[in-house]
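# A structural walkthrough
Chain by chain, the residues:
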Amino acid sequence: MGAHISIPMYQRAVPQRYRLVGQRCGACGKINFPPKAVCKYCYQGTSFEDVQLSGRGTVYSYTVIAGGGAPPEFAAEARCKGSYPVIIVELAEGPRVIAQMVNPPEEGIAIGMPVKAVFRKIYEEEGVIRYGFKFSPA
Amino acid sequence: MESVAIIGAGQTKYGDFPGLGVKELFAEAYLEMLQSVDRGLEQQRIGAAYIGSLSAGSGFQLGQLAPLLMGHVGLPHVNAARIENACASGGYALYSAACAVASGKFDLVLAAGVEKMRDVSSSKGRYWLGVSGDTEYERLAGSTFAGIYALMAARYMHEYGLKREHLSMVAVKNHRHAVSNPKAQFRKEITIEQALKGVPVAHPFNVWDCSPTTDGAAVVLLCNAKIAKEFTDKPVYLKGFGAASDYLAIHDRDSMTRLLATRKAADEAYKQAGVGPKDIDFAEVHDCFTIAEILAYGDLGFAEEGRAQYLLEEGFTQLDGKLPVNASGGLKAKGHPIGATGCGMACEVFKQLRDEAKEPSRQIKNARYALSHNVGGSGGTAAVFIYQRGDA
Ligand SMILES: [Zn+2]
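Please read these numbers as outputs of a predicted model, since none were measured by experiment. (Residues numbered from 1 in each chain as written. Chains lettered and ligands numbered in written order. Predicted model: local features only at pLDDT ≥ 70, side-chain atom pairs only at ≥ 80, totals over all residues. Heavy atoms only, no water.)

When helices and strands are counted, chain B shows 12 helices and 11 strands. Taken over C-alpha atoms, the radius of gyration comes to 19 Å for chain B, in line with the 21 Å a tight globule of 392 residues would show. Projected onto its principal axes, the C-alpha coordinates of chain B cover approximately 55 × 45 × 40 Å. Taken over 392 residues, chain B has a buried fraction of 65%. Across chain B, contacts joining residues at least 24 apart in sequence account for 79% of those joining residues at least 6 apart. Placing the 41 positive and 43 negative side-chain charges of chain B at their respective mean positions leaves the two points 2 Å apart. (Helix = DSSP H or I, 4+ residues; strand = E, 2+ residues; numbered from the N terminus. Rg over C-alpha atoms; globule rule 2.2 N^0.38 Å. Buried < 20%, exposed > 50% of the residue type's maximum accessible area, 1.4 Å probe, protein only. Contact = heavy atoms within 4.5 Å. Lys, Arg positive; Asp, Glu negative; His and termini not counted. Charge placed at Lys NZ, Arg CZ, Asp CG, Glu CD.)

Let us look at the overall build of chain A. On a plain count of helices and strands, chain A comes out with three helices and eight strands. In chain A, the succession of α and β elements from N to C terminus is α-α-β-β-β-β-α-β-β-β-β. Taken along its principal axes, the extent of the C-alpha atoms in chain A is 45 × 35 × 20 Å. For chain A, the proportion of its 138 residues judged to be buried stands at 50%. Within chain A, residue pairs in contact and separated by at least 24 positions form 51% of the contacts whose partners lie at least 6 positions apart. On chain A, roughly 6500 Å² of surface is accessible, and the fraction owed to carbon and sulfur atoms is 52%. Each charge class in chain A was averaged separately, 16 positive and 11 negative side chains, and the resulting centres sit 3 Å apart. (Areas by Shrake-Rupley, 256 points an atom, 1.4 Å probe, with all protein chains shown as cover.)

Residue and element names in this part refer to chain A. Protein coordination of the zinc ion is provided by Cys25 (SG), Cys28 (SG), Cys39 (SG) and Cys42 (SG), with donor distances spanning 2.3 to 2.4 Å. The site at the zinc ion holds four donor atoms, and with the angles between them running 107 to 115°, its shape is tetrahedral. Sequence spacing among the residues donating to the zinc ion works out to C-x2-C-x10-C-x2-C. Of this pair, Cys25 sits in strand E1 (residues 21–25) while Cys39 is found in the loop between strand E2 (31–32) and strand E3 (48–52), placing the two residues 14 residues apart along the sequence. With relative accessibility at 1%, the residue Cys39 sits in the buried group. (Donors = N, O, S within 2.8 Å, 3.2 Å for Na, K, Ca; no water. Tetrahedral: all angles 85-135°; square planar, octahedral: opposite > 155°, others 65-115°.)

Okay, the nonpolar core next. By size, the foremost hydrophobic cluster in this structure holds 90 residues, and its most contacted members are Tyr149(B), Ile291(B) and Phe302(B). If you look at the next biggest cluster of nonpolar residues, it comprises 42 residues, including Ala218(B), Leu238(B), Phe350(B) and Ala383(B). (Core = buried A, V, L, I, M, F, W, Y, C linked by side-chain atoms within 4.5 Å.)

Here the focus is the environment of Ile6(B). Residue and element names in this part refer to chain B. Positionally, Ile6 belongs in strand E1 (residues 4–11). For Ile6 and Leu110, which are 104 residues apart along the polypeptide, the C-alpha to C-alpha distance reads 9.8 Å. If sequence neighbours within four positions are ignored, Ile6 has contacts with Val220, Leu221, Leu222, Pro235, Val236, Phe350 and Tyr387.

Another aspect to go through is the sheet that holds E1(A). All names here are of chain A. Across the sheet, which stays open at both edges, the three strands sit in the order E2-E1-E3 with antiparallel pairing between neighbours. Either end of the sheet is taken by a strand with one partner, and the two such strands are E2 and E3. As paired elements, E1 and E2 share two bridges and run antiparallel to each other. Bridging across to E2, Arg24 finds its partner in Ile31. (Pairing = 2+ DSSP bridges.)

Counting residues at the interface gives 34 residues for chain B, matched by 42 residues for chain A. Of the roughly 3300 Å² buried at the junction of chain B and chain A (both faces included), carbon and sulfur atoms supply 62%. Three residues stand out in chain B for area buried against chain A, namely Tyr137(B), Leu140(B) and His251(B), and they jointly supply 22% of the buried area on that side. Linking chain B to chain A there are three salt bridges. The shortest N-O distance in the salt bridge between Lys36(A) and Asp252(B) comes to 2.7 Å. Where chain B meets chain A, there are 15 residue pairs in polar contact (both at pLDDT 80 or more). Within the residue set of the side of chain B that touches chain A, elements represented by two or more residues are helix H4 (122–130), helix H5 (145–160) and strand E5 (200–202) of chain B. Per-element tally for the side of chain B that touches chain A: the top contributor is H5(B), with eight residues. Class assignment for the residues of the side of chain B that touches chain A results in 15 nonpolar, nine polar and 10 charged. (Buried area = accessible area lost by both parts, 1.4 Å probe. Salt bridge = Lys/Arg side-chain N within 4 Å of Asp/Glu carboxyl O. Polar contact = N/O pair within 3.5 Å; in protein donor to acceptor, adjacent residues only side chain to side chain. Nonpolar A, V, L, I, M, F, W, Y, C, P; charged D, E, K, R; others polar.)

With that out of the way, let us pick up the environment of Gly274(B). Residue and element names in this part refer to chain B. Tracing the backbone shows Gly274 in the loop between helix H8 (260–273) and strand E9 (282–284). For Gly274, a relative accessible area of 62% puts it in the exposed group. Taking the C-alpha atoms as reference points, Gly274 and Gly240, 34 residues apart in sequence, are found 8.1 Å from one another.

All names here are of chain B. Between H5 and helix H9 (residues 290–299), the least distance of the axes is 9 Å, while the angle of their chain directions is 55°. One way to sum up the angle between H5 and H9 is to call them oblique. Note on packing geometry: the crossing formed by H5 with H9 is left-handed. Where H5 approaches H9, its residues Tyr149, Met152, Ala153 and Tyr156 are matched on the opposing element by Ile291, Ala292, Ile294 and Leu295. In terms of residue class, the contact of H5 with H9 is made up of eight nonpolar, no polar and no charged. (Axes fitted to C-alpha atoms, helices over the stretch in contact; angles between N-to-C directions. Parallel < 35°, antiparallel > 145°, perpendicular 65-115°, else oblique. Left-handed = near helix turned anticlockwise from the far one by under 90°.)

Turning our eyes to something else, we now look at the side chain of His336(B). For His336(B), the location among the structural elements is in the loop between helix H11 (330–333) and helix H12 (341–353). A distance of 2.6 Å separates the side chain of His336(B) from the side chain of Thr341(B), its partner in a polar contact.

Taken as a whole, this structure holds 12 aromatic pairs over all chains when the rule is applied. Between Phe26(B) and Tyr30(B), the aromatic rings sit 6.2 Å apart at their centres with planes inclined by 20°, giving stacked as the arrangement. Here Tyr30(B) and Phe26(B) lie together in helix H1 (residues 22–36), a separation of four residues that amounts to about one turn. Accessibility assignment for this pair places Phe26(B) and Tyr30(B) in one class, buried. Against the face of Tyr10(A) rests Arg17(A), its NZ or CZ located 4.7 Å from the ring centre. Above the face of the Tyr60(A) ring, Arg155(B) is positioned so that its terminal group lies 3.7 Å from the ring centre. (Phe/Tyr/Trp six-rings, centres within 6.5 Å; stacked < 30°, edge-to-face > 60°. Lys NZ or Arg CZ within 6 Å of the ring centre and 35° of its normal.)

Right, here's the structure in full:
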């Protein structure tokens, strides 16, 4: 039993999940990702301009999820790989995002290491494969 | 604002009870609460009831759980509502009840919590545990709360030199405390070697860093302090209560080594009570994962941020230390029936401040002020309470 993200709900976030589109606040100029209705930095701005994020950043923190820590919809992945890394990335443009890491270095993940976004399969629900961003060492 | 007192408290044993459903668990805690009111209670005087639950019996009664439960204990017409803020549901039920009494609208109000987690498969259980975080991004990164707290632990280690051993010291301490608590789910000591070598869950956590899934219920009776002595010579005063929120998603927060929701809730509670961290004689804090207790030391003002681990090294927070934390065993070993946890902490404090924490004794002597701390998920919500013994 997975977290239920309906197909329309997933589709509404395609600009973020496929292309990392953030929003530049018209009031303070800072970049929000994922989008907010009111800017999370100045609590004022309500008009935004779309900006394409570079997908480049550094590891802010990391974990490695083993079978017992995986949500049910990722349990098969954890079983097949043994475990998978999940990281928080501080993007070059400022915001932080959470995602899985692919091809982690053999010596282990280190806080501060540079990474770049890659487009990957995330999981499958309702017979539809959901795609989105993960990160690989840069 | 009216002053608030606790005059009764009861809870089930925490654990795995195939023979008991949500209604039976609630009723057991409710009847124990009634028993605990020294001079008895005419139950029709209860004006309102707030009941915390996340899954309402793993989805069995998502709507209108509160009237179902109150009808089961002979109060079908009381003003009753379910309160939900994930693992802080019980704390928010207590907070709502305290506000209802403080407003002067009601003299007697019930705060309760119940969770039935052990009826469902482990996969369905993890479903319920995973839908209170940020579902859109955290969850789709393949993370549940274990992963999110693990990310906090890794960052804390990086910033402040926290060691893997410090995490295990929390588990060892709380398991040792639970041995003396007849209500606890796991009454067995573990060694530091064991705690360091459990099955991996989410690096740096192994299974000993995580609280269990638990069935249980807890019920607390609050009243206007003016009439408390009508019911008992030993009321416990709820001197301060605070609650606050934060961004649900960890990546939206500035810091991963503190919970701002806890800090704001604690500020509110300390201010209202007119006391500070140094006045607290013992505390029940939200140790859903071992790092959570370490974060709590900083957020509640027991230690400076980044220096919490030294309290563990010094034994400051053990039962015989200067500030015992989680004398009950905590979520880690007493158990964590999500919606019940916040009220279960109040039950422990009620017992301790009335010198009734016995069989065998884990009684903290000469305590005057206590604190309890309940967190929703990874810190999207938090509630903090400050209690004062009332028999002096
Ligand atoms: Zn702004």
